Amino acid sequence: MDLQGKVAVVTGSGRGLGLAYARALAAAGAAVVVNDVDKDTVDAAVASLTSEGGRATGVVAAVGDSEAAQRLVDAAVEAFGRLDVLVTNAGILRDRVLWKMTDDDFDDVVRVHLRGTFTCARAAAVRMREQGTGGRLVLISSPAGQRGNFGQTNYAAAKAGIVAMARTWALELGRAGITVNAVVPVAATEMTRTIPAFAPVIDESERTGEPLPAWLRKDEGLGTVEDVAGLITFLASDASDGVTGQAIGIGGDRLALWAHPKEKAVAFAAGGWTADAIATEWPAGVGAAPETYGIPAPQAPEA
């Protein structure tokens with residue numbers, strides 16, 4: 001995949017998945033703006049990319065407000081002359097069950113994930129439309145946003161909102177040649193470790209030094225951060241022209257297209273539905289096969 005001449009901003013790219021995205025984009029030829037809240041982390045990431053032959057610069061900023069978003073776009077233009085790709089990866093966790101979650105827990109996570117995606121995408125879209133040559137917005141979501149997850153009211157809500165924004169912006173930016181997609185990654189990271197379904201297998205792999213088992217990579221789509229990076233590079237490239245408004249899952253050996261929400265079962269009552277009529281209809285009709293919720297725990301194959 002050739003990204004020569006393209007310039008990308010990757011938020012939250014000092015470590016983990018974000019750094020893997022930045023490294024993959026740089027390896028394909030893109031110039032990259034690295035972002036993190038810690039200067040030493042940013043400097044180390046930039047040094048790593050440039051030592052591997054890439055072009056990179058860094059911006060130390062906490063994603064969320066409009067000023068930080070504009071700084072990222074300006075850094076790309078000042079250092080490399082343009083902006084072609086934005087990957088909104090920055091995020092934090094403040095996990096607590098509903099009755100223990102504080103206002104600050106909720107607001108901090110939504111500010112970084114949801115508002116940060118909005119402000120960065122808005123600044124990038126303004127620049128890309130001015131350039132007149134299209135662009136790519138790659139928004140990072142999560143399985144928690146698709147299915148919900150225990151203790152993650154704030155995170156799941158933000159990640160679900162990111163997919164909704166991707167669909168909306170795909171409509172709004174299509175005429176400008178800007179594609180917008182949400183990526184739903186699954187990889188062994190510090191964030192993934194907080195998900196009860198995945199924590200035990202990640203811990204065991206790190207304890208033994210053994211790679212994640214083949215069944216987990218295939219059946220559950222859980223792998224390394226590097227396993228996710230290929231999708232980011234594809235979506236940043238000209239090869240993905242026409243792919244927009246989608247939620248695409250990747251992890252381990254698994255690549256998947258998430259379905260958009262749609263009506264699963266429908267019933268009709270002339271004149272409308274009373275509560276009693278719904279109670280009669282629900283068990284054997286519309287509600288006969290309710291949707292599952294939550295991220296299922298990995299199930300190892302029987303020996």
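Below: a short report on this structure. Quick caveat, the model's predicted, so the values are computed rather than measured.

**Regarding a nonpolar patch on the surface**
No. 1: A surface patch of nonpolar side chains, about 320 Å² in accessible area, is lined by Trp273, Ile278 and Trp282.
No. 2: Take Trp282: it is sitting in the segment after helix H10 (275-281).

**Some points on the packing of helix H1 (residues 16-27) against helix H9 (residues 225-236)**
No. 1: Put simply, H1 and H9 touch, their axes get as near as 8 Å, and they point 50° apart. If you check the angle between H1 and H9, you find them oblique. Considering how the two elements wind past one another, H1 and H9 form a crossing that is right-handed. Facing H1, whose interface residues are Gly16, Leu17, Ala20, Tyr21, Ala24 and Leu25, H9 presents Val225, Glu226, Val228, Ala229, Ile232, Thr233 and Ala236.

**What to know about the environment of Thr292**
No. 1: Looking at the secondary structure, you find Thr292 in the segment after H10.
No. 2: Along the primary structure Thr292 and Asp253 are separated by 39 residues, whereas in three dimensions their C-alpha atoms are 24 Å apart.
No. 3: A polar contact of 2.8 Å, which involves the side chain of Thr292, links it to the side chain of Arg147.

**A look at the pattern of salt bridges**
When charged atoms on two side chains of opposite charge get close, those side chains can pair.
No. 1: Summed over the entire model, instances satisfying the criterion amount to 11 salt bridges.
No. 2: The salt bridge partner of Arg111 is Asp65, with a shortest N-O separation of 3.7 Å. Note that Arg111 is positioned in helix H4 (residues 103-131) and Asp65 in the loop between strand S3 (55-60) and helix H3 (66-80), a separation of 46 residues in sequence.
No. 3: When its relative accessible area of 26% is taken as the criterion, Asp65 is described as partly exposed.
No. 4: A salt bridge links Glu291 to Lys264, with the nearest nitrogen and oxygen atoms 2.6 Å apart. Here Lys264 lies in the loop between strand S8 (254-257) and H10 and Glu291 lies in the segment after H10, a separation of 27 residues in the sequence.
No. 5: On the basis of relative accessibility, which here comes to 58%, the residue Glu291 falls in the exposed class.
No. 6: By relative accessible area, Lys264 is classed as exposed at 54%.
No. 7: Three or more residues joined by partner-sharing salt bridges are found here, namely Arg217, Asp227 and Asp253.

**Structural notes on the side chain of Asn154**
No. 1: Along the polypeptide, Asn154 turns up in helix H6 (residues 153-173).
No. 2: Excluding its chain neighbours within four sequence positions, the residues that come into contact with Asn154 are Arg94, Met101, Asp105, Phe106, Val109 and Val110.

**Section: the packing of H3 against H4**
No. 1: Where H3 contacts H4, the two axes come as close as 8 Å, and the packing angle between them is 40°. When the interaxial angle is binned, H3 and H4 end up oblique. When you trace H3 past H4, the crossing you get is right-handed. Across from Ser66, Ala69, Gln70, Leu72, Val73 and Val77 in H3, the residues of H4 making contact are Thr119, Cys120, Arg122, Ala123, Ala124 and Arg127.
No. 2: Broken down by class, the residue content of the contact of H3 with H4 amounts to seven nonpolar, three polar and two charged.

Rules used in this analysis
Every chain is numbered on its own, with residues counted from 1 as its sequence reads. At least 70 in pLDDT is required for a residue's local features to be given in this predicted model, at least 80 for side-chain atom pairs to be given and counted, and no such filter applies to totals for whole chains, interfaces and linings, which use all residues. As a convention, hydrogens and water are excluded, and side-chain values are obtained from all of the structure's heavy atoms. Like-charged residues within 9 Å of one another, or nonpolar side chains (Val, Leu, Ile, Met, Phe, Trp, Tyr) within 5 Å, are grouped into patches, provided each residue has over 30% relative accessible area and no salt bridge. In short, Shrake-Rupley with a 1.4 Å probe defines the accessible areas, and a residue's cover is counted only from the protein chains shown. Put simply, a salt bridge is a Lys or Arg side-chain nitrogen that is within 4 Å of an Asp or Glu carboxyl oxygen. Under the scheme used here, helices are H or I runs from DSSP no shorter than 4 residues and strands are E runs no shorter than 2 residues, and both carry numbers assigned from the N terminus. Axis geometry follows a simple rule: fit a line to the C-alpha atoms, using only the stretch in contact for helices, then measure angles between N-to-C directions, giving values from 0 to 180 degrees. Roughly parallel refers to an angle under 35 degrees, roughly antiparallel to one over 145, roughly perpendicular to one between 65 and 115, and oblique to any angle outside these ranges. A clockwise turn of the near helix away from the far one marks a right-handed crossing, whereas an anticlockwise turn of less than a right angle marks a left-handed crossing. Contacts between residues were defined by any pair of non-hydrogen atoms, one from each residue, lying within 4.5 Å. Nitrogen and oxygen atoms within 3.5 Å of one another constitute a polar contact, given that in protein one can donate a hydrogen and the other can accept it, and given that sequence-neighbouring residues count only through two side-chain atoms. Type-normalised accessible area, obtained with a 1.4 Å probe on protein chains alone, sets the label of each residue: buried when under 20%, exposed when over 50%, and partly exposed for intermediate values. Polar here means any residue outside two lists: the nonpolar Ala, Val, Leu, Ile, Met, Phe, Trp, Tyr, Cys and Pro, and the charged Asp, Glu, Lys and Arg; Gly therefore counts as polar.

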